[in-house]
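# Tertiary structure, described
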There are 4 protein chains.
Amino acid sequence: MSIVLGDNQYGKAETRVVRIYRDTERHQIRDLNVSTALRGDFTAAHLSGEQGHVLPTDTQKNTAFAYAKERGIGAIEDYALTLAGHFTGDVESVTRARVDVDEYRWERISVDGTGHPHAFVRSGQEIRSAAAVIDTQGPVQAQWVVSGIRDLVLLKSTGSQFTGFLRDRYTTLPEAVDRILATSLTARWRYASTDVPWDEAFAQVRQTLLERFAVPHSRALQQTLWGMGSAVLAARDDIAEIRLSAPNKHHFLADLSPYGLDNPGEVFHADDRPYGLIQCAAVREGAPDAGPAWELPAAFA
Amino acid sequence: MSIVLGDNQYGKAETRVVRIYRDTERHQIRDLNVSTALRGDFTAAHLSGEQGHVLPTDTQKNTAFAYAKERGIGAIEDYALTLAGHFTGDVESVTRARVDVDEYRWERISVDGTGHPHAFVRSGQEIRSAAAVIDTQGPVQAQWVVSGIRDLVLLKSTGSQFTGFLRDRYTTLPEAVDRILATSLTARWRYASTDVPWDEAFAQVRQTLLERFAVPHSRALQQTLWGMGSAVLAARDDIAEIRLSAPNKHHFLADLSPYGLDNPGEVFHADDRPYGLIQCAAVREGAPDAGPAWELPAAFA
Amino acid sequence: MSIVLGDNQYGKAETRVVRIYRDTERHQIRDLNVSTALRGDFTAAHLSGEQGHVLPTDTQKNTAFAYAKERGIGAIEDYALTLAGHFTGDVESVTRARVDVDEYRWERISVDGTGHPHAFVRSGQEIRSAAAVIDTQGPVQAQWVVSGIRDLVLLKSTGSQFTGFLRDRYTTLPEAVDRILATSLTARWRYASTDVPWDEAFAQVRQTLLERFAVPHSRALQQTLWGMGSAVLAARDDIAEIRLSAPNKHHFLADLSPYGLDNPGEVFHADDRPYGLIQCAAVREGAPDAGPAWELPAAFA
Amino acid sequence: MSIVLGDNQYGKAETRVVRIYRDTERHQIRDLNVSTALRGDFTAAHLSGEQGHVLPTDTQKNTAFAYAKERGIGAIEDYALTLAGHFTGDVESVTRARVDVDEYRWERISVDGTGHPHAFVRSGQEIRSAAAVIDTQGPVQAQWVVSGIRDLVLLKSTGSQFTGFLRDRYTTLPEAVDRILATSLTARWRYASTDVPWDEAFAQVRQTLLERFAVPHSRALQQTLWGMGSAVLAARDDIAEIRLSAPNKHHFLADLSPYGLDNPGEVFHADDRPYGLIQCAAVREGAPDAGPAWELPAAFA
């Protein structure tokens, strides 16, 4: 049996592009982390080291900066699509491009109650992301956009239980009728098209996720995630699928009984590891095929 | 010359205490990371391993949880003082206690425009801190409180220059008349007493730091830090000293000229390392002595 | 179009199991990070919160500890297979189990030139990993094992070039006929069966990767990776496929000419971001199907 | 009471200098992380933003690279001293310079049993450090060197107990007559002079620390640290003081009794937080004054 080159891709990861719009005295800022990954006709680069088809990753970085000026940035989904379209459209050897963009949020520093025109403070630890994939090898050029949010840290101090679960020889967990439910949510959703009001859609998805975490009583993190994900699909027809990954950040009730104290859900130890990890997808039946949309560069190996 | 035991301390680091107040349906949350460090008569523990004077670090952890219930938490400065007072007052072998507390901020999830009674989302990456030190070996029992903020990420997109600096054989830096100024600020300030409205003071210091970063034109990060620090001392008589540490998070203008593009302060590369590190203190003349207030456990070795 | 539950799994992540073998005075240590992920009949858990089919993640953690005693650990591939077989074989609702294990290496502290019987020092930052997946829903029970290594930091100070690459409007990179090549390698390889001398195979793969990085002249990281991966498949018939992911950790030649110094490949700046990211697979033609072997829990969303 | 400028310093942190010696085909590598911090006459920079006395941090970075070529590196203590001497000696406004250097270890990749001449693999996660401080304002120019090691992860699987400790109302810890003792050691030692065979001294200190951790029975981590530190001073007259900081990385015995299994010190859970933190110094009586040697830049605020 012979040994052959399998899947391969290459690109420039984590180019930190900061774009200032200073057309008026009230500046705008977009603060991005951009990664590109290209596929195509790169067999020679691997087998013989011949680089004639290889656009350097340094060039990919340069392009990320140049496009921030030439085309501007706007919503990160548009910026990612534009870059992906450039690589697949303008570089002959490239047949598929994936562009991942993280965006860090800033808000204006408030001075005397007014947002300052050019001074900003980082807002929140959560990160908005977008990935655009363009593949030119199908019957028609196919495009996918997956948007996301991560490091969205959520906690409910009541309204969560975990009871009636399966028990076996190794089960010692007591049932919990009232517990803290906390997670650091990662959610990513795939759009059914590329004709979407990206910023409005992101805001609506984020708010839906927050509300559906907050309001319904939780019988398990699985139920909560499904409720959040299915609500997003119900709210927006242009989303084909959403995937959620939620570590169960355990908060254990501190045992204060040795000191003669009761602890009716008031004092907890926030533990680090291990953690539960609950993951599910909500899918719209009949949605367009996901193609390579969910393939993550970081997970290649 | 003989070899002797020098400075020593021990404690429990990073106890993650979460306190829920659920007296009404509108819960409150305090989310803390608590570290204790004790000094005293522990020579035997080192020289012979004899532990009769050593209160276990496990007990220190238990006490952090128990006090969260018995005494509640309130402002983290009060909680730290109370714990430090317990260790120095109730444990005979302890002559000095230091308690460091970090607090993570949460805000209520907004549902239909109203903050939810028991569902929260982590708010910001910045961390509020407090350290209380009590030393019983002076002529009178001495107490110090140092409050702080860190991971406060700030950026000005204009209003910053760096010119007229010293040049030597190794200087290649061009002068910059308009640059991005960005930092991740750590500030810590020492109070002159322990009779302080902690939460109000923290809010005022934070706002003063933000405004004095935002408003004045910056001729150098040194000038900006001094302006921020001295304004804090001017605003509050109960603060004796403030120390600021500010990495200069360099944003380099992308060179777009090879592609025929100009770049008048619009597209930047946010670099990671190396970074400038600018540090200074503003001190009130005649303030009470700092004693061990600035000794950090993490910096012991 | 209706909204349906898609892929889903759950488990306990990062259980830190340390197993000491103390049958003789010369202790042995296995230091593991264990993650389990189960799939099966969990629709009710999501849709109604009904947990009757759900084995708690706490139980999965307990089982990892219990099996470390009952069955011992041995090679991490065997331990992962045993745990996966337990979940699929003994828990009726589970149809697929994935167990990921990282192992941290220790070596004996040398005392007077001899390895100490029970004192150890952590050896290297590289991590050995194994993943076992068992799926009971095919025509026969299918099992996959993927072993790996990561954080293997490699550097060649010469013997690497990058020339003859594609140029476009955004290309400014000069050709490099002699450069530093450095990476932090992640490699994962899938075995064709589960009847493998795991430790011997791991050692041979690691050594092959190191040698094939070191020896051949590199015309590009792509060529080097392919050389490393294909050599692994050539060396061992029991490996079906190997995937490599290699950040190009750029070392830029410091420009010393402003100070009248030349720099013939002697002084470099090790940069952090951005970095090239080169990824490829070497595959044995006709190898058994990969099934879900490459699906990473962390990449679910 | 007026507000005045207090302590202040500035510099360039984390310059990643890699030096290749290629005078023969058998290359040598030094891989460093260099930070500089300068003190002196910088009041105007703070109060008015006037930069005439300020050597840019960019220049400090350039100097780190230039000296790696001009002077070479050798032992990191010598490199740090040379750089500190340059800043205090050649820059008029600088009265004190501190240079911190971390060194990452590499070993040659073994090919056919022989170390390769120019291919390396990172060796260990532990980091060797050196800090040189030169102050020109005393009666004579004063110089200090503090060397160190950190991230040295150690574990004993027996030979450690913790009994006979102080108990109070909050104590629940049972006595342990046989436990795992594990830590990630930070040690820093101050030399009495700058005329030291640095590499030889470092190797001897490291080996002494390892042996004194491994061999003596431990009645407490305090006793173990004191034993390690005092042995270092006993071994080398040229060391004035050593400071050790050791997190007690708790390994809790897994409770397997619910499944009918005993666990005589065989299966442990390695916990993350909280952790004990034990710190002590061993000091040679009559040693020269430490001056600013122990002031860490990172701990400034």
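The structure presented is a predicted model; accordingly, all values stated were derived computationally and were not measured. (Residues numbered from 1 in each chain as written. Chains lettered and ligands numbered in written order. Predicted model: local features only at pLDDT ≥ 70, side-chain atom pairs only at ≥ 80, totals over all residues.)

Moving on to the relation of the copies chain D and chain B. Between chain D and chain B, which share one sequence, the superposing operator has a rotation angle of 180° and an axial displacement of 0.0 Å; the RMSD is 0.0 Å. Here the copies are linked by what is in effect a two-fold axis. Taken together, the interface assignments show that 98% of the residues at the interface of chain D recur at the interface of chain B, consistent with an identical surface on both copies. (Least-squares fit on C-alpha atoms with pLDDT ≥ 70 in both. Contact = placed C-beta atoms within 7 Å.)

Right, let's talk about the relation of the copies chain A and chain C for a bit. Superposing chain A onto chain C requires a rotation of 180° together with a translation of 0.0 Å along the rotation axis, leaving an RMSD of 0.0 Å. Comparing interface residues between copies, 99% of those in chain A also lie at the interface in chain C; the contact surface is shared.

So, about the interface of chain A and chain C. Quoted interface sizes are often the accessible area lost when the parts come together. Tallying the contact residues gives 82 residues for chain A and 83 residues for chain C. Elements represented by at least two residues in the side of chain A that touches chain C include exactly strand E1 (3–13), strand E2 (15–21), helix H1 (43–47), helix H2 (57–70), strand E9 (181–191), helix H5 (221–235), strand E10 (239–248) and strand E13 (275–284) of chain A. Sort the elements by how many residues they give to the side of chain A that touches chain C and E1 of chain A lands first, with 11 residues. Grouping the amino acids of the side of chain A that touches chain C by side-chain chemistry returns 38 nonpolar, 29 polar and 15 charged. Bridge analysis of E1 of chain A against strand E13 (residues 275–284) of chain C gives 9 bridges, and the strand direction is antiparallel. By the bridge assignment, Gln 9 of chain A is partnered in E13 of chain C with Gln 279 of chain C. (Helix = DSSP H or I, 4+ residues; strand = E, 2+ residues; numbered from the N terminus. Nonpolar A, V, L, I, M, F, W, Y, C, P; charged D, E, K, R; others polar. Pairing = 2+ DSSP bridges.)

Turning to the interface of chain D and chain B, a few remarks are in order. On the chain B side, the residues contacting the 83 residues of chain D number 82 residues. For the side of chain D that touches chain B, the elements supplying multiple residues, two or more each, are strand E1 (3–13), strand E2 (15–21), helix H1 (43–47), helix H2 (57–70), strand E9 (181–191), helix H5 (221–235), strand E10 (239–248) and strand E13 (275–284) of chain D. When grouped by side-chain class, the residues that make up the side of chain D that touches chain B number 39 nonpolar, 29 polar and 15 charged.

This part takes up the domain arrangement of chain A. Residue and element names in this part refer to chain A. Domain boundaries in chain A define domain 1 (1–140) and domain 2 (146–301). Here the C-alpha centre of domain 2 lies 28 Å away from the C-alpha centre of domain 1. Tallying the contact residues gives 18 residues for domain 1 and 15 residues for domain 2. Mapped by element, the contributors of at least two residues to the side of domain 1 that touches domain 2 are strand E3 (28–40), helix H3 (76–90), strand E4 (94–104) and strand E7 (127–135). (Domains from an automatic or database assignment.)

Now for the nonpolar core. By size, the foremost hydrophobic cluster in this structure holds 369 residues, and its most contacted members are Ala 80 of chain A, Ala 80 of chain B, Ala 80 of chain C together with Ala 80 of chain D. Apart from the residues within four sequence positions on either side, Ala 80 of chain C is in contact with Val 99, Val 101, Ala 130, Ala 131 and Ala 132 of chain C. (Core = buried A, V, L, I, M, F, W, Y, C linked by C-beta atoms within 7 Å. Buried ≥ 20, exposed ≤ 12 C-beta atoms within 10 Å, placed from the backbone.)

Summarising the element assignment, Ile 278 of chain D is placed in strand E13. On the basis of neighbour count, Ile 278 of chain D is assigned to the buried category, with 28 C-beta atoms found within 10 Å. Each C-alpha atom of the pair Ile 278 of chain D and Leu 244 of chain D lies 8.1 Å from the other, and the pair is 34 residues apart in sequence. Aside from chain neighbours lying at most four places away, what touches Ile 278 of chain D is Tyr 10 of chain B together with Leu 221, Gln 222, Leu 225, Ala 246 and Asn 248 of chain D.

Another point: H2 of chain D. Every α-helix winds through 3.6 residues per turn, so residues three or four apart in the chain are directed the same way. All names here are of chain D. Across its 14 residues, H2 extends 20 Å between first and last C-alpha, which sits within 8% of the 20 Å expected from 1.5 Å per residue. The buried count for H2 comes to 12 of 14 residues, which makes it a mostly enclosed element. For H2, the complete set of buried residues consists of Thr 57, Asp 58, Thr 59, Gln 60, Lys 61, Asn 62, Thr 63, Ala 64, Phe 65, Ala 66, Tyr 67 and Ala 68. Backbone geometry just after H2 places Gly 72 at a positive phi near 75°. (Expected span 1.5 Å × (residues − 1).)

Okay, the environment of Ala 203 of chain D next. When you line up the elements, Ala 203 of chain D lands in helix H4 (residues 198–214). Sequence separation between Ala 203 of chain D and Leu 166 of chain D is 37 residues, and the spatial gap between their C-alpha atoms is 38 Å.

A few words on the environment of Thr 114 of chain C. Mapped onto the elements of the fold, Thr 114 of chain C is located in strand E6 (residues 114–122). As for Thr 114 of chain C and Asp 199 of chain C, which are separated by 85 residues in sequence, their C-alpha atoms are 24 Å apart.

Residue and element names in this part refer to chain D. The interhelical angle for the contact between H2 and helix H3 (residues 76–90), taken along N-to-C directions, is 125°, at an axis separation of 11 Å. Taken together, the axis directions place H2 and H3 in an arrangement best described as oblique. The chirality of how H2 crosses H3 is right-handed. Facing H2, whose interface residues are Thr 63, Ala 64 and Tyr 67, H3 presents Thr 82, Leu 83 and His 86. Among the residues making up the contact of H2 with H3, the classes are represented as 3 nonpolar, 3 polar and no charged. (Axes fitted to C-alpha atoms, helices over the stretch in contact; angles between N-to-C directions. Parallel < 35°, antiparallel > 145°, perpendicular 65-115°, else oblique. Left-handed = near helix turned anticlockwise from the far one by under 90°.)

The next subject is unusual backbone geometry. Residue Arg 273 of chain A is joined to Pro 274 of chain A through a cis peptide bond whose omega torsion reads -10°. By the element assignment, Pro 274 of chain A lies in the loop between strand E12 (267–270) and E13. Of note in this structure, Asp 151 of chain C is not a glycine but carries a positive phi near 60°. Residue classification places Asp 151 of chain C among the partly exposed residues on the basis of 13 C-beta atoms within 10 Å. Positive phi outside glycine occurs at Glu 14 of chain D, with the angle close to 65°. Position of Glu 14 of chain D among the secondary structure elements: in the loop between E1 and E2. Here Glu 14 of chain D falls in the partly exposed class, since 17 other C-beta atoms lie within 10 Å of it.

The next subject is the pairing of strand E8 (residues 142–156) of chain D. Walk down a regular strand and you will see the side chains alternate between the two sheet faces. Relative to E8 of chain D, E6 of chain C runs antiparallel, the two being bridged by 3 bridges. Across the sheet, Val 121 of chain C pairs through a bridge with Leu 154 of chain D, a residue of E8 of chain D. In the sheet, strand E7 (residues 127–135) of chain D pairs with E8 of chain D via 9 bridges, with the strands oriented antiparallel. The partner of Ala 131 of chain D across the bridge, within E8 of chain D, is Val 146 of chain D. The antiparallel pairing of E7 of chain D with E8 of chain D creates a hairpin that spans 6 residues between the two strands.

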